[in-house]
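Residue-level listing of the chains:
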Amino acid sequence: MALDIKICGLKTDEALAAALDNGASHVGFIFFAKSPRYIHPNDAGRLRAAARGRAAAVAVTVDADDAFLDEIVTAMAPDMLQLHGAESPERVTEVKARYQLPVMKALSLRAADDLTAMAPYRGIADRFLLDAKPPKGSDLPGGNGVTFDWRILSGLDAGLDYMLSGGLNAGNVGEAMAIANPPGLDISSGVESAPGVKDVRLIAEFFAAVRAARKNRAA
Ligand SMILES: O=C(O)c1ccccc1N[C@@H]1O[C@H](COP(=O)(O)O)[C@@H](O)[C@H]1O
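Within any chain, residue numbers begin from 1 and follow the written order of that chain's sequence. Selection of residues for local features in this predicted model requires a pLDDT of at least 70, selection of side-chain atom pairs for listing and counting requires 80 or more, and totals for whole chains, interfaces and linings are taken over all residues.

Engineer: Outline the overall build of the protein chain, listing residues and values.
Structural biologist: Broken down by element type, the protein chain carries 6 helices and 10 strands. In summary, the protein chain has a C-alpha radius of gyration of 16 Å against a globular reference of 17 Å for 219 residues, a match within 12%. C-alpha atoms of the protein chain, sized along the principal axes, occupy 50 × 40 × 35 Å. Three exposure classes are used, based on other C-beta atoms lying within 10 Å of a residue's own C-beta, which is placed from the backbone: buried for 20 or more, exposed for 12 or fewer, and partly exposed in between. The 219 residues of the protein chain split such that 40% are buried. We call two residues in contact when their backbone-placed C-beta atoms lie within 7 Å. Considering only intrachain contacts with a sequence separation of at least 6, the fraction spanning at least 24 residues in the protein chain is 54%. The secondary structure listing takes helices from DSSP runs of H or I that are at least 4 residues long and strands from runs of E that are at least 2 residues long, numbered from the N terminus. For this measure, only C-alpha atoms enter the radius of gyration; the expected value for a globule follows 2.2 Å times N^0.38, where N is the number of residues.

Structure follows, in structure tokens:
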């Protein structure tokens, strides 16, 4: 089975090249002003051009209005929109219709009960991104480097299309894969040397850890 891997929060040519050269299926750009990973839509447009044909470009937004989404879509022509705020199912429907793009809806989880939040989006969101709830006081809805109990995902239907996110790194991704067997992985702060600063060595180590975990599974 193919495993999608999204490296999120890219801001430089060097980090983008590391993500692509290591085999990322998706590259993510953050359009949330409070994030240390924020990138201007025009800069993301330049980077996404370099990724064209190699990885899908994902625009990550948080409760963005139409004006901001228009600016992002015009500047960078993403392949997918990731809605990482409190967007309702109706808003997801509206965004999909307006831009004719697939939408990945982020949901934040701590306990098994939180999975009920998925139901109203089924058949609407093209994919889910299952992330950890932000720690108290965080300004960021994602990118906090926090994990959740991956065991709560073990009961999900086999065909559910989602990316597992939240606090992944080279040291824990093997365990996450063994427990949840997700169809996709999404990582940001786990491949950074400081908030918002991607580290090419950590990116390579992450992919190596994923390859090792897959090899173990197959053995
Ligand atoms: O990364 C951010 O700063 C961010 C800001 C606003 C919304 C989402 C954001 N990041 C998303 O969260 C995941 C998980 O991050 P991490 O691996 O725990 O650091 C990240 O991949 C983005 O999809």
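Engineer: Let's hear about the environment of aspartate 149: which residues, and what values?
Structural biologist: Take aspartate 149: it is sitting in the loop between strand 6 (127–132) and strand 7 (162–164). Under the C-beta neighbour-count criterion, aspartate 149 is labelled exposed, with 12 such atoms within 10 Å. On a C-alpha basis, the gap between aspartate 149 and valine 73 in space is 35 Å, while along the polypeptide they are 76 residues apart.

Engineer: Mind laying out the nonpolar core, listing which residues take part and the relevant values?
Structural biologist: Judged by nonpolar contacts, the single largest core of 58 residues is most densely connected at Ile7, Ala19, Val27 and Phe29. Those residues within four positions of alanine 19 in sequence are excluded, and the remaining contacts are Ile7, Leu10, Ala24, Val27 and Ile203. Each nonpolar core consists of buried Ala, Val, Leu, Ile, Met, Phe, Trp, Tyr and Cys residues. Their C-beta atoms, within 7 Å, join them into a set.

Engineer: Break down helix 6 (residues 200–218) for me, with residues and values.
Structural biologist: With 19 residues, helix 6 should reach 27 Å at 1.5 Å per residue; the first-to-last C-alpha distance of 27 Å fits that figure. Turning to helix 6, its buried residues are Ile203, Phe206, Phe207 and Val210. Along helix 6, the residues classed as buried sweep out an arc of 90° about the axis, all on the same side. Relative to its buried face, helix 6 has exposed residues pointing more than 90 degrees away, namely Arg201, Ala208, Lys215 and Asn216. Where helix 6 is buried, its residues meet strand 1 (4–7), helix 1 (13–21), helix 5 (173–180), strand 8 (184–187) and strand 10 (197–198). A helix's residues, less one, multiplied by 1.5 Å, set its expected span. The arc refers to the directions leading from the helix axis to the C-beta atoms.

Engineer: Tell me what's going on with the UniProt feature "domain: N-(5'phosphoribosyl) anthranilate isomerase (PRAI)" (unreviewed entry) in the protein chain, and back it up with residues and numbers.
Structural biologist: UniProt positions are given in the numbering used here, feature names are shortened, and annotations may be inferred rather than shown by experiment. UniProt records the feature "domain: N-(5'phosphoribosyl) anthranilate isomerase (PRAI)" (unreviewed entry) for residues 5–208 in the present numbering. Between the C-alpha atoms that bound residues 5–208 the distance is 12 Å, and the span itself is 29% helix and 21% strand.

Engineer: Lay out the site of the ligand in plain terms, naming residues and giving numbers.
Structural biologist: Cys8, Ser35, Gly142, Gly143 and Ser189 are the nearest of the 26 residues found near the ligand. Elements that contribute at least two residues to the shell around the ligand include exactly strand 2 (26–30) and strand 8. Amino acids outside the nonpolar list (Ala, Val, Leu, Ile, Met, Phe, Trp, Tyr, Cys, Pro) and the charged list (Asp, Glu, Lys, Arg) are all regarded as polar, and Gly is one of them. For the shell around the ligand, the residue count by class is 9 nonpolar, 14 polar and 3 charged. For each residue, a C-beta atom is placed from the backbone, and the residue counts as near a molecule or strand when that atom lies within 6 Å of it.

Engineer: I'd love a proper account of the environment of alanine 119, names of residues and values included.
Structural biologist: By the secondary structure assignment, alanine 119 is in the loop between strand 5 (103–109) and strand 6. Spatially, the C-alpha atom of alanine 119 lies 16 Å from that of leucine 83, the residues being 36 residues apart in sequence.

Engineer: An account of the confidence of the model for the protein chain is needed here, citing residue identities and associated values.
Structural biologist: Mean pLDDT for the protein chain: 96, with 100% of residues reaching 70 or above. What the predictor reports for the complex is a pTM of 0.96 with an ipTM of 0.98. pLDDT expresses how confident the predictor is about each individual residue, on a scale running from 0 to 100.

Engineer: How would you explain the pairing of strand 3 (residues 56–61) if you had to name every residue and give the values?
Structural biologist: Within strand 3, 5 of the 6 residues are buried, leaving the element largely enclosed by the surrounding structure. Between any two strands, at least two bridges found by DSSP are needed for them to pair. One ladder, built from 5 bridges, connects strand 2 with strand 3; its direction is parallel. Opposite histidine 26, over in strand 3, you have alanine 56 as the bridge partner. After leaving strand 2, the chain enters helix 2 (residues 41–51) and then returns to the sheet as strand 3, a path that is right-handed. Crossover handedness is defined by viewing with both strands directed away from the observer: a clockwise path from the first strand over the helix to the second marks the crossover as right-handed.

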